[in-house]
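# Structural characterization, general
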Amino acid sequence: MSKLTEQAFVYLRHGETDWNRDQRMQGGVDIPLNATGEAQAAEARDLLGGLGLAAVYHSPLLRAKRTAELVNETLALPMVEVPNLREANFGAWEGTQVDRSPGGHYDLWIKGGTTPDGGEPFAEFVARSLAAINFCLEDAASRNAFPLIVAHGGVYWAVRHALGLPYGGPLRNGHPILHRPEDGQWFVGTL
């Protein structure tokens, strides 16, 4: 299991899009936030205001970038776009309904049993995502900054994998999660 850099951070999945609402696989398709997603970003902004965050790292995809911008309206922090925080490339599956049932295509992808045509293998995606998250954490540590990472539900797989956390279903849109190393363990909790 790869390690997560020991640096406190907040992770925020982007706000909702129409494709999230419709349970369609987005991957690299650049779908904008819908009205619910914009409201979720505003609610997250209110939760994050008093935490002492010092930098915002975000995926280049519109849904994450816009969430980061909305959250940062009152925080006014430096923003860093990190290309490898982008969601998995689901290739031919992008735009299709997500099948999270046991033995469904998403389950098989996670278990390494299949990769969509033109898509990214799960293990490679997790390694890329963890490297991107660790880049954010190491960059923040070099600035003595407490970072916010705004990305995607799939990218959070890397955090779960590195911390040995079970899947537990999809990450909720627009709900910040605090991560803090404590005496060789990690505290993980929603705000």
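Right above here is the structure, for reference.
These notes cover the structure that comes with them. (Residues numbered from 1 in each chain as written. Predicted model: local features only at pLDDT ≥ 70, side-chain atom pairs only at ≥ 80, totals over all residues. Heavy atoms only, no water.)

With 14 residues, helix H3 (residues 62-75) should cover 20 Å at 1.5 Å per step; its first-to-last C-alpha distance of 20 Å lies within 8% of that length. Of all the positions in H3, only Arg63, Ala64, Thr67, Ala68, Leu70, Val71, Asn72 and Leu75 are classed as buried. In this structure, the buried side of H3 is in contact with strand S1 (9-13), helix H2 (35-48), strand S2 (55-58), strand S3 (79-81) and strand S4 (147-151). Positive phi appears at Ala76, one or two residues downstream of H3, with a value of about 55°. (Helix = DSSP H or I, 4+ residues; strand = E, 2+ residues; numbered from the N terminus. Expected span 1.5 Å × (residues − 1). Buried < 20%, exposed > 50% of the residue type's maximum accessible area, 1.4 Å probe, protein only. Contact = heavy atoms within 4.5 Å.)

A word on the sheet that holds S1. Read from one edge to the other, the open sheet built from six strands follows the order S3-S2-S4-S1-S5-S6, with strand pairing classed as mixed. With partners counted over all chains shown, the strands left at the sheet margins are S3 and strand S6 (185-190), one partner each. Taking the axes of each pair of neighbouring strands and ignoring which way they run, one obtains an average angle of 20° across the sheet. Looking at chain direction, S2 and S3 are connected through three bridges and run parallel. Looking across to S3, one finds that Tyr57 is bridged to Val80. Along the sheet, helix H5 (residues 122-142) makes contact with S1, S2 and S4, crossing S4 at roughly 160°. (Pairing = 2+ DSSP bridges. Axes fitted to C-alpha atoms, helices over the stretch in contact; angles between N-to-C directions.)

Examined bridge by bridge, S1 and strand S5 (residues 177-182) share three bridges and lie antiparallel to one another. Note on S5: the bridge partner recorded for Tyr11 is Ile177. Where S5 and S6 come together, six bridges link them in antiparallel fashion. Bridge pairing links Ile177 to Thr190 in S6. The antiparallel pairing of S5 with S6 creates a hairpin that spans two residues between the two strands, and Asp183 there sits at a positive phi of about 50°.

What follows deals with the nonpolar core. By size, the foremost hydrophobic cluster in this structure holds 36 residues, and its most contacted members are Tyr57, Leu85, Trp109, Ile133 and Ile149. For this core, the elements supplying multiple residues, two or more each, are S1, S2, helix H4 (105-110), H5, S4 and helix H6 (156-163). Among the elements that line this core, the one with the most residues is H5, at nine residues. Setting aside residues up to four positions removed in sequence, Leu85 forms contacts with Tyr57, His58, Ser59, Arg128, Ala132, Ile133, Cys136, Ile149, Ala151, His152 and Val155. Among the nonpolar cores identified, the runner-up in size contains 15 residues, and Val10, Ala68, Leu148 and Leu178 belong to it. (Core = buried A, V, L, I, M, F, W, Y, C linked by side-chain atoms within 4.5 Å.)

Another point: the packing of aromatic side chains. Applying the stated criterion across every chain, the model contains eight aromatic pairs. Look at Phe9 and Trp186: their rings are 6.2 Å apart centre to centre, the planes differ by 70°, and that puts the pair in the edge-to-face class. Of this pair, Phe9 sits in strand S1 while Trp186 sits in strand S6, placing them 177 residues apart in sequence. The class for Trp186 is partly exposed, based on a relative accessible area of 22%. Where Phe122 meets Trp157, the ring centres are 5.3 Å apart and the plane angle is 90°; that geometry is what we call edge-to-face. (Phe/Tyr/Trp six-rings, centres within 6.5 Å; stacked < 30°, edge-to-face > 60°.)

The next thing to look at is the layout of surface pockets. Rolled over the atoms, a probe as big as a water molecule pinpoints where empty space is left. By volume, the largest pocket amounts to about 330 Å³. The wall of the largest pocket is formed by 24 residues, among which Arg13, Asn20, Glu87, Val98 and Arg100 lie closest to the centre. Contributing elements (two or more residues each) for the lining of the largest pocket: helix H1 (18-21) and H6. Those elements that provide at least two residues to the lining of the second largest pocket are H6 and S6. If you tally residues by element for the lining of the second largest pocket, the top one is S6, at three residues. Across the lining of the second largest pocket, the residue classes tally to six nonpolar, three polar and two charged. (1 Å grid on protein atoms, 1.4 Å probe; cavity = no way out; pocket = protein on both sides within 12 Å on 5 of 7 lines; lining within 4 Å. Points joined across faces, edges and corners; volume = space filled by probe spheres on them. Nonpolar A, V, L, I, M, F, W, Y, C, P; charged D, E, K, R; others polar.)

These values are about where atoms sit, not about what they do.
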